[in-house]
Amino acid sequence: MDNEIKGISCEVKNCVYHDKKDCCNAGHISIGNEKAQSESETKCKTFECCDTIVECE
């Protein structure tokens, strides 16, 4: 995948868009929870889970 989003760091190693450099390769992202009151309440709606972390890398 070569859709790296410059300036976006992602540490979610079991996401199909995560790469070994902690970059997001989704091309675009969507962040959700319109009623968030804190950082911990926001969520990446673009997340897609891999079966295993090794598979994602």
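Right above here is the structure, for reference.
Given the structure is predicted, the values throughout are model-derived calculations rather than measurements. (Residues numbered from 1 in each chain as written. Predicted model: local features only at pLDDT ≥ 70, side-chain atom pairs only at ≥ 80, totals over all residues. Heavy atoms only, no water.)

(A) Spatial organisation of the overall build of the protein chain. Along the backbone of the protein chain there are one helix and two strands. Reading the helices (α) and strands (β) of the protein chain from amino to carboxyl end gives β-β-α. Here the protein chain holds 57 residues, and 25% of them are scored as buried. A separation threshold of at least 6 residues defines the contact pool for the protein chain, and within that pool the share at least 24 residues apart is 32%. In the structure as shown, the protein chain presents an accessible area of about 4500 Å², 47% of it carried by carbon and sulfur atoms. (Helix = DSSP H or I, 4+ residues; strand = E, 2+ residues; numbered from the N terminus. Buried < 20%, exposed > 50% of the residue type's maximum accessible area, 1.4 Å probe, protein only. Contact = heavy atoms within 4.5 Å. Areas by Shrake-Rupley, 256 points an atom, 1.4 Å probe, with all protein chains shown as cover.)

(B) Representation of unusual backbone geometry. Its identity is not glycine, yet D22 carries a phi of approximately 60°, on the positive side. Tracing the chain through its elements places D22 in the segment before β1 (31–32). With relative accessibility at 22%, the residue D22 sits in the partly exposed group. Here the phi dihedral of N33 falls at roughly 90°; this positive angle occurs in a residue that is not glycine. In this fold, N33 is placed in the loop between β1 and β2 (43–44).

(C) Looking closely at the side chain of H18. Positionally, H18 belongs in the segment before β1. From its side chain, H18 meets the backbone oxygen of C10 in a polar contact 3.3 Å long. Polar contacts involving the side chain of H18 include one to the side chain of D22, which spans 2.7 Å. (Polar contact = N/O pair within 3.5 Å; in protein donor to acceptor, adjacent residues only side chain to side chain.)

(D) Representation of the nonpolar core. Core analysis: the biggest nonpolar cluster contains six residues, these being I5, C10, C15, Y17, C24 and A26. The residues contacting I5, other than those within four sequence positions of it, are C24, G27, H28 and I29. (Core = buried A, V, L, I, M, F, W, Y, C linked by side-chain atoms within 4.5 Å.)

(E) Spotlight on the environment of G32. For G32, the location among the structural elements is in strand β1. The spatial distance from the C-alpha of G32 to the C-alpha of K43 is 5.1 Å, given a sequence separation of 11 residues. Once residues within four sequence positions are removed from consideration, G32 is found in contact with E41, T42, K43 and K45.

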